Amino acid sequence: MDPASNAFGKGERPWKTSDARLVLADGSIWNAKSFGASGTQVGEVVFNTSLTGYQEIITDPSYAGQFVLMTNPHIGNTGINFDDEESRQCFLAGLVIRSLSISTSNWRCVETLGDYLAERNVMGIYDVDTRAITRRLRQDGSLVGVLSTDNSKTDEELLQMSHSWDIVGIDLISGVSCKSPHEWVDKTKQNWEFSSKEPGENFHVVAYDFGIKHNILRRLASYGCKITVVPSTWPASDTLKLKPDGVLFSNGPGDPSAVPYAVETVKNILGKVPVFGICMGHQLLGQALGGKTFKMKFGHHGGNHPVRNLRTGNVEISAQNHNYAVDPATLPEGVEVTHINLNDGSCAGLATHRTMSLQYHPEASPGPHDSDYAFRDFVELMKREKANKREPQLSAVSASNA
Ligand SMILES: NC(=O)CC[C@H](N)C(=O)O
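Residues numbered from 1 in each chain as written. Predicted model: local features only at pLDDT ≥ 70, side-chain atom pairs only at ≥ 80, totals over all residues. Heavy atoms only, no water.

Looking at an unreviewed UniProt entry, the protein carries the name Carbamoyl phosphate synthase small chain, chloroplastic, with the source organism given as Lupinus angustifolius. Quoted verbatim from the Sequence similarities (unreviewed entry) field of the UniProt record, the comment on the protein reads "Belongs to the CarA family." The record in UniProt for the protein states the following under Catalytic activity (unreviewed entry): "L-glutamine + H2O = L-glutamate + NH4(+)". (UniProt positions renumbered as here; feature names shortened; annotations may be inferred.)

This is the structure we're talking about:
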């Protein structure tokens, strides 16, 4: 780490004065201090209630097009490390925090948060009343905002910019998905492994990358899966040619209604192999099954969301990050709602014969690990499917032996 730099990055000092503005579409203007990159950026402001894990949050591709406002007031104290990256890049529009730690101390730290964001050209602001903005978002719903360090732009111009952009209806997945298929082998490191698993059969999973978080892939690999990651536009027919044991549809940014090609892909795979949808994957699955998705008032973002598993009655504390949800009233008969969010009763999981999906993040990263069992359930689904396929042959063999 450059000894001249501190948590503010590039040698900034804590007594710096306001040099940035966040202008929200409701006309409110929030003066702040900048860190990370400078410039002007438009995005949707969402608040995240996680107490820890800011590195995983800022590298979650599902935040593309959004400013993440952390409700935890103290951010940056553990810096940045090599292990907690959730993707190859930061795709979020920017980071909004109350207080940026003036010192960085952690045994894994390799860089300050400020330097990290500056190198990746991501804007951040601090010394802004994050509690007041959060109350506004809770009351009025998510708002588009413009963050700027450019003094030549008037407040009116920035407000105009916020009115001429909307996250609804745009395909953000194509900007974050990988460009070509590849294998994934990395598992959760032994030091961090928290669940004991029976070594079993290895299942081949094709994982659609709509903005996939690395820890979804690591958890699948830890459960013994052999994984082929494919881009969001990869044809369903090519996936089926690979004869996978299961298909995973990943998390991803933006509006699920803006990517009809992805819904088509899910439709063409549904019913043919076991399928697991996570977050955006769950929403696409909901649409492919005939249901509708809608935009929530301010969504769910954080590691403290209670969910009830309706099959077991158990309550899980889950990690969530979504602004859209499936409307269960629009789903056809035969689709089971398996989980509900206990804060607002919204649909948090679905299942059909060969399908399971969760609106939240069983891989956590960051967050509690209560929902990790979902990966085991997916493996069980693939196991059952394989056994069912084998059974007719087995009975044929025993008949010929008889
Ligand atoms: N994490 C995700 O996959 C988010 C899904 C979708 N972009 C939403 O906001 O609802």
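### Topic: the environment of Pro328
Locating Pro328 in the fold gives a position in the loop between β16 (315-327) and β17 (336-341). Judged by its relative accessible area of 38%, Pro328 is partly exposed. Along the chain, Pro328 and Gly291 lie 37 residues apart, while their C-alpha atoms are 7.2 Å from each other. In this view, Pro328 contacts Val337 and Cys347; residues no more than four positions away in its chain are not counted. (Helix = DSSP H or I, 4+ residues; strand = E, 2+ residues; numbered from the N terminus. Buried < 20%, exposed > 50% of the residue type's maximum accessible area, 1.4 Å probe, protein only. Contact = heavy atoms within 4.5 Å.)

### Remarks on the state of the cysteines
Counted by the stated rule, this structure contains zero disulfides. For the unlinked cysteine Cys109, the closest cysteine sulfur is that of Cys90, found at 15 Å. Summary of cysteine pairing: Cys178 is not part of a disulfide, and the nearest cysteine sulfur, belonging to Cys225, is at 18 Å. (Disulfide = S-S within 2.5 Å.)

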